[in-house]
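Descriptive analysis of the structure
As a plain string of letters, each chain reads:
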Amino acid sequence: MNYKNIFSGILILSFLFSCQSPTKKFSDSIPKGKLYIIGGGKRPVEMIQEIISLSKLDKDGYIVVLPMSSSEPDTSFFYTKKQFAEQGITRIFNFHVERGETLSRQKLDSVKTASLIYIPGGEQVKFMETVLNTPLHEAIKIAYHKGTVIAGTSAGAAVMSKKMITGNEFKHPDYTGDFRTIEAENIEVLEGLGFLDKTIIDQHFVWRMRMNRLITVAIENPGFTCIGIDESTAIVVEGDSARVTGISQVIVIRSSDEKGKTKNGLLGKEGMELSVYLPNDVFSIK
C-alpha cells in the first residue's frame, strides 16, 4: 500500500474543505442574527432604541453603515450616524465602496464581527450592482449567520430577500410612483442579498399605495410570501418568525404553489391569502 499517496490525498482533501466558501458552510444552518427591515420614511426614536437593544450596542460593539444605494453616500451616512449618536452610540463606521472596488481584508473582517450592519435607502439596484457576489456580500452573510443584526430601510429593506423588487416596470418605463395595473411580465425582479429565500419585500407600502405591485409579484412568484411594509414600520425577523414594530401596518400576501393565469396580458389567480398585521403582531414567513 502506498502510504505516501494516501497521505497526500488526505492533505488535498483537507485543503479543499478548508477552502470551501463560508456561505456554503452556513447555507443549511439557522442564522443566529436578526433582520430589522424598515419600510422607509421617518424612523421614530423608539425604533432606533429597539435596534440598539437587539444588537446589544448599548453594551458594546459597533455599527457598520453601507450607504451604497444612495447617490450621496456621505450625506446618507451623516444622518444615519446622527440618529444613533443621539442615543449615545459613537462607534459608527462608513464602509462605502464604489462598484468594482474591494474593501480591505481588515474592513471585511470588521464587517463579519459588527454588532449591527445598517443599509440606508436610495436605489436597491445600485446597491446590489456594487455588492452582489463580492467579498463584501460574503462578509455580510457570515456576519448574519454568526449573530449580527442586519437592518435596512427603504432600498435597504428591498435588498434583504433573494428575489428583489427593483421599482422598475417593463411596460411602463417612465417612473411615476403609481402602479396602476396588474399585468404579466411587467414588474422587474432581480437578485438581492438572499437572507429571505421564499419571501419578497416591498416598502413605503400603504403610504404609496403599492398593492398592485405586490399582487403582481405574488402571482408571478407562486409559493412566495410577499410582504409590504409601511413607512415608520418594520418587521423583526428571527428564524421563520416576523414581528411587526413601529407605527403602521404590514400587509402579507401568500400565493399558493399553483401558477396564475394570463388573459390579454392581465394576471389572475384564485385563492390568494391576504393579511394585515398591526404593531406587535407576529406571523410566520415560511
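Residues numbered from 1 in each chain as written. Predicted model: local features only at pLDDT ≥ 70, side-chain atom pairs only at ≥ 80, totals over all residues. Heavy atoms only, no water.

Take helix α4 (residues 73-85) next. Here α4 spans 18 Å end to end across 13 residues, near enough to the 18 Å set by a 1.5 Å rise per residue. By the burial criterion, the buried members of α4 are P73, S76, F77, T80 and F84. The buried residues of α4 occupy one face: seen down the axis, they fall within an arc of 95°. Facing away from the buried surface of α4 by more than 90 degrees, the exposed residues are D74 and Y79. The elements touched by buried residues of α4 are α3 (45-54), β2 (63-65), β3 (92-94) and β4 (116-119). (Helix = DSSP H or I, 4+ residues; strand = E, 2+ residues; numbered from the N terminus. Expected span 1.5 Å × (residues − 1). Buried < 20%, exposed > 50% of the residue type's maximum accessible area, 1.4 Å probe, protein only. Arc of directions from axis to C-beta. Contact = heavy atoms within 4.5 Å.)

This part takes up the nonpolar core. I37, L136, I235 and F283 are the most contacted members of the largest nonpolar core, which has 43 residues in total. Apart from the residues within four sequence positions on either side, I235 is in contact with L35, Y36, I37, I201, I227, I229, A242, R243, V244, V250 and F283. Within the second largest apolar cluster, 19 residues are counted, among which are I38, F77, F84 and I89. (Core = buried A, V, L, I, M, F, W, Y, C linked by side-chain atoms within 4.5 Å.)

Attention now goes to the sheet that holds strand β8 (residues 199-203). Read from one edge to the other, the open sheet built from four strands follows the order β8-β9-β12-β15, with strand pairing classed as mixed. Of all strands in the sheet, those bounded by a partner on one side alone are β8 and β15 (273-277). The average undirected angle you get between the axes of adjacent strands in this sheet is 15°. Both β8 and strand β9 (residues 225-229) contribute to a ladder of five bridges, which runs parallel. Opposite I201, over in β9, you have I227 as the bridge partner. The sheet strands contacting helix α9 (residues 211-220) are β8, β9, β12 (250-254) and β15, and the helix crosses β12 at an angle near 30°. (Pairing = 2+ DSSP bridges. Axes fitted to C-alpha atoms, helices over the stretch in contact; angles between N-to-C directions.)

An α-helix turns once every 3.6 residues. As a result, residues three or four positions apart point the same way. Of the positions making up α3, those classed as buried are M47, I48, E50, I51 and I52. Of the residues trailing α3, K56 is marked for its positive phi of about 60°.

Tallied over the full model, the rule gives five aromatic pairs. With a centroid separation of 5.8 Å and an interplanar angle of 75°, the aromatic rings of F84 and Y118 are classed as edge-to-face. Separated by 34 residues along the polypeptide, F84 in helix α4 and Y118 in strand β4 bring together distant segments of the chain. The pair formed by F84 and Y118 is uniform in burial state, with each residue classed as buried. Over the face of the ring belonging to F95 we find K107, whose NZ or CZ atom lies 5.3 Å from the ring centre. (Phe/Tyr/Trp six-rings, centres within 6.5 Å; stacked < 30°, edge-to-face > 60°. Lys NZ or Arg CZ within 6 Å of the ring centre and 35° of its normal.)

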